[in-house]
Amino acid sequence: MKVLITGIAGFIGSHLADKFLSEGFHVIGMDNFLTGSPDNISHLFGNKNFKFIQYNVVNYIYVPDNLDIVLHFACPASPVDYIRYPIQTLKVDSLGTLNTLGLAKTKKARYVFASTSEVYGDPQVHPQREDYWGYVNPVGIRSVYDEAKRFSESMAMAYYREHGVDVRILRIFNTYGERMRLNDGRVVPNFVFQALKGENITVYGDGTQTRSFCYISDLVEGIFLASIKEDISGEIINLGNPEEITIQELAERIVAMTESKSKIVFKERLQDDPYRRCPDISKAIKLLDWKPKISLDKGLWNTIHYFKQKIL
Ligand code: UDP
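So, a few notes on the structure that sits alongside this text. Being a predicted model, the structure only gives us computed values, none of them experimental.

Some details on the sheet that holds strand β5 (residues 110-116)
Then, number 1: Taken in spatial order, the seven strands of this open sheet run β3-β2-β1-β4-β5-β6-β11, and their pairing is parallel. What marks the edges here is a single partner per strand, and that holds for β3 (50-54) and β11 (235-239). Across this sheet, the average inter-strand angle for adjacent strands is 20°, counted without regard to direction.
Then, number 2: The pairing of strand β1 (residues 2-6) with strand β2 (residues 26-31) spans five bridges and is parallel. Among the inter-strand pairings, Ile 5 is bridged to a residue of β2, identified as Gly 29.

Focus: the site of the ligand
Then, number 1: Close to the ligand lie 18 residues, the nearest being Val 187, Thr 202, Tyr 204, Arg 211 and Asp 273.
Then, number 2: Arg 142 is positioned such that a nitrogen or oxygen atom in its side chain is 2.9 Å from an oxygen atom of the ligand.
Then, number 3: Gln 209 is positioned with one of its side-chain polar atoms (N or O) 3.0 Å from an oxygen atom of the ligand.
Then, number 4: Compared with its free state, where it exposes 520 Å², the ligand has 96% of that area covered by protein.

Overview of the packing of aromatic side chains
Then, number 1: Applying the stated rule across the entire model yields 12 aromatic pairs.
Then, number 2: A centroid spacing of 6.0 Å and a plane angle of 90° characterise the contact between Phe 25 and Phe 224, whose relative ring orientation is edge-to-face. Remark: Phe 224 occurs in helix α7 (residues 216-228) and Phe 25 occurs in the loop between α1 (11-22) and β2; sequence separation between them is 199 residues.
Then, number 3: Plain terms: the ring middles of Tyr 82 and Tyr 145 are 4.3 Å apart, the flat faces sit at 5° to each other, and that makes the pair stacked. Of this pair, Tyr 82 sits in helix α2 (residues 79-84) while Tyr 145 sits in helix α5 (residues 143-163), and the two are 63 residues apart along the sequence. Both residues of the pair, Tyr 82 and Tyr 145, belong to the buried class.
Then, number 4: Three or more aromatic residues link up through ring pairs in this structure, and these residues are Phe 33, Phe 45, Phe 50 and Phe 52.
Then, number 5: Lying over the aromatic face of Phe 224, Lys 19 brings its terminal NZ or CZ to 4.9 Å of the ring centre.

Rules and cut-offs
- Residues numbered from 1 in each chain as written.
- Predicted model: local features only at pLDDT ≥ 70, side-chain atom pairs only at ≥ 80, totals over all residues.
- Heavy atoms only, no water.
- Pairing = 2+ DSSP bridges.
- Helix = DSSP H or I, 4+ residues; strand = E, 2+ residues; numbered from the N terminus.
- Axes fitted to C-alpha atoms, helices over the stretch in contact; angles between N-to-C directions.
- Near = heavy atom within 4 Å.
- Polar contact = N/O pair within 3.5 Å; in protein donor to acceptor, adjacent residues only side chain to side chain.
- Areas by Shrake-Rupley, 256 points an atom, 1.4 Å probe, with all protein chains shown as cover.
- Phe/Tyr/Trp six-rings, centres within 6.5 Å; stacked < 30°, edge-to-face > 60°.
- Buried < 20%, exposed > 50% of the residue type's maximum accessible area, 1.4 Å probe, protein only.
- Lys NZ or Arg CZ within 6 Å of the ring centre and 35° of its normal.

Below, the structure is given as structure tokens:
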């Protein structure tokens, strides 16, 4: 069995490559290193079941191989990154989605799309179920990501309805763990970096906003199950950990776990920053028999250990 993974050098993409290879798949990876890093996949070079193509998937994609599954995971995912690269973000989840769907159709391959909890915007319904349509500002600074993901979902469903492509849309909630960049800008690497360096911990807003953090190994297991499961074509599935925490509590927990002397300081709230976010994962439990196993404390220990090695 052969899979193509776009965004292979990213945080999630590189862990997915490890997972599929360990399960005996052949993996073709694509990345243009806009936000991904060669370091994340350097250990795979030399593996005879792995092939890497440096490529920007907004251009027409040709691969000679037969493919069983196409996983479209290329896209800047940190708000800092997608606000820095607004047009590349819009292109990779419009033109890139179109090209990868076309490829899946040609190869008669299954299509797995990395969507996001951001399609729910600043949600007015809590926790978020897949049948909630969301509350998104279509012209705000986050819209480049949110609307591109929503457009991609729509495109994937059109290929499912019109061409019968076997698509699965995965709405991925906040995920953290090894191989996130230190300067990624997302809250876990920021707080861990600041705590380890003894710098102020920057909480944006009053810290009462919530997120629900899923450890990378749990997420990858969910994506893998959703990719290999038969008869879930056209399904939209939330993947995330429903353990909800305020950002202030997260800051306090990281300070305590790192035994840091850092002070928590409050900065201006970010524009359109969602106030609450927590997945309802009953559909994933039912369809995939999946739920996260790693607690926030355990995952944070692993992540802190990883960043310590990078920094110290
Ligand atoms: N955040 C923060 N300080 C930081 C980085 C992020 O308080 O240094 C907050 C941010 O405002 C948001 C939450 O942490 O409320 C999660 O932000 P992140 O960038 O990790 O991802 P998001 O869930 O917003 O996509």
